[in-house]
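# Coordinates in review
What follows is the residue order along each chain.
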Amino acid sequence: MSTAQLLGTFGEFVAALGVIGSLVYLAVQVRHGAEQSRLNTKAVEATAYNQTVVEISALGRTVISEPELREILWKASRSPESIEGADRILYRTFMSNHFFAFENLFRLYEQGMIDEENWENSILNNRAVFQTSAFRAFAESREGLLSKRFWAHVQTRLERSDQ
């Protein structure tokens, strides 16, 4: 074997090592990118869940701090149709915001962004709210597929937990 052939073979060997090294480096980078993407997705999920929980908590604090709203909600809990005029606007706005926040949680649950345990906890810990005649009447008057799917799901979960 001549020196030129030997150098050519050695060059091919070095090039093959370079290709293998590049493939290993690329595999490590792809794995790292996939892991980073998974962590980013989890962070977005946690942020969406926490933001919705904060919204629901803020609504609760509003009820606590606003005697007029408490009175309207108390009346509505006994007879939603008795709320009229400006009180009705306040009532409907509050209920719409409350319902919308729970719909957002449901949407996150459907997309797999909230695990089963947290979702079940959300339903059961808000049972008293969901079972009021005011919330039921409001839920049944909502339009849209998300609203109807959410409300049917909540009712099914509550019935199952009562058994």
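Residues numbered from 1 in each chain as written. Predicted model: local features only at pLDDT ≥ 70, side-chain atom pairs only at ≥ 80, totals over all residues. Heavy atoms only, no water.

## As for the side chain of Thr52
Structurally, Thr52 is set in helix H1 (residues 3-65). With sequence-adjacent residues up to four places away left out, Thr52 is seen in contact with Ala101, Asn104, Leu105 and Leu108. (Helix = DSSP H or I, 4+ residues; strand = E, 2+ residues; numbered from the N terminus. Contact = heavy atoms within 4.5 Å.)

## Remarks on the packing of aromatic side chains
Applying the stated criterion to the full structure yields 11 aromatic pairs. Centre to centre, the rings of Phe106 and Trp119 are 5.7 Å apart; their planes meet at 45°, and the pair counts as tilted. Of this pair, Phe106 sits in helix H3 (residues 85-110) while Trp119 is found in helix H4 (residues 116-125), placing the two residues 13 residues apart along the sequence. The residues Phe106 and Trp119 share a single accessibility class, namely buried. Ring geometry for Tyr109 against Trp119: centres 5.1 Å apart, planes inclined by 15°, an arrangement best described as stacked. With a gap of 10 residues between them, Tyr109 in helix H3 and Trp119 in helix H4 connect regions that are remote in the sequence. By relative accessible area, which is 16% here, Tyr109 ends up buried. A connected cluster of aromatic rings, assembled from ring pairs, spans Phe99, Phe102, Phe106, Tyr109, Trp119, Phe130, Phe135, Phe138, Phe150 and Trp151. (Phe/Tyr/Trp six-rings, centres within 6.5 Å; stacked < 30°, edge-to-face > 60°. Buried < 20%, exposed > 50% of the residue type's maximum accessible area, 1.4 Å probe, protein only.)

## Things to note about the nonpolar core
Within the largest apolar cluster, 32 residues are counted, with the highest numbers of intra-cluster contacts made by Tyr91, Trp119, Phe130 and Phe150. Those elements giving two or more residues to this core turn out to be H1, helix H2 (67-78), H3, H4, helix H6 (133-141) and helix H7 (145-162). Of the residues forming this core, the biggest block, 10 residues, is contributed by H3. Not counting the four nearest positions on each side in its chain, Phe130 is found in contact with Phe102, Ser122, Ile123, Phe135, Arg136, Phe150, Trp151, Val154 and Leu158. (Core = buried A, V, L, I, M, F, W, Y, C linked by side-chain atoms within 4.5 Å.)

## Digging into H2
In this model, H2 (12 residues) spans 17 Å end to end at C-alpha, consistent with the 16 Å of a helix rising 1.5 Å per residue. Taken together, the buried positions of H2 are Leu69, Ile72, Leu73 and Ala76. The buried residues of H2 occupy an angular sector of 95° when the element is viewed end-on, so they sit on one face. Opposite its buried face, H2 presents the exposed residues Pro67, Trp74 and Arg78, each directed more than 90 degrees away. (Expected span 1.5 Å × (residues − 1). Arc of directions from axis to C-beta.)

## Some details on the packing of H2 against H3
Close contact between H2 and H3 brings their axes to 10 Å; oriented N to C, the two are set at 85°. The orientation of H2 relative to H3 falls into the category roughly perpendicular. Where H2 approaches H3, its residues Glu68, Leu69, Ile72, Leu73 and Ala76 are matched on the opposing element by Asp87, Leu90, Tyr91, Phe94 and Met95. Here the contact of H2 with H3 is composed, by residue class, of 8 nonpolar, no polar and 2 charged. (Axes fitted to C-alpha atoms, helices over the stretch in contact; angles between N-to-C directions. Parallel < 35°, antiparallel > 145°, perpendicular 65-115°, else oblique. Nonpolar A, V, L, I, M, F, W, Y, C, P; charged D, E, K, R; others polar.)

## A closer look at a nonpolar patch on the surface
Taken together, the side chains of Phe10, Phe13, Val14, Leu17, Ile20, Val24 and Val28 make up a nonpolar region of the molecular surface, amounting to roughly 680 Å² of accessible area. One can find Leu17 in helix H1. (Patch = residues over 30% accessible without salt bridge, like charges linked within 9 Å, V, L, I, M, F, W, Y side chains within 5 Å. Areas by Shrake-Rupley, 256 points an atom, 1.4 Å probe, with all protein chains shown as cover. Salt bridge = Lys/Arg side-chain N within 4 Å of Asp/Glu carboxyl O.)

## A word on the environment of Ser122
For Ser122, the position within the fold is in helix H4. The exposure class of Ser122 is buried, given its relative accessible area of 11%. In this structure the C-alpha to C-alpha distance between Ser122 and Arg78, which are 44 residues apart in sequence, comes to 24 Å. In this structure, Ser122 is in contact with Tyr49, Leu105 and Phe130, ignoring residues within four places of it in sequence.

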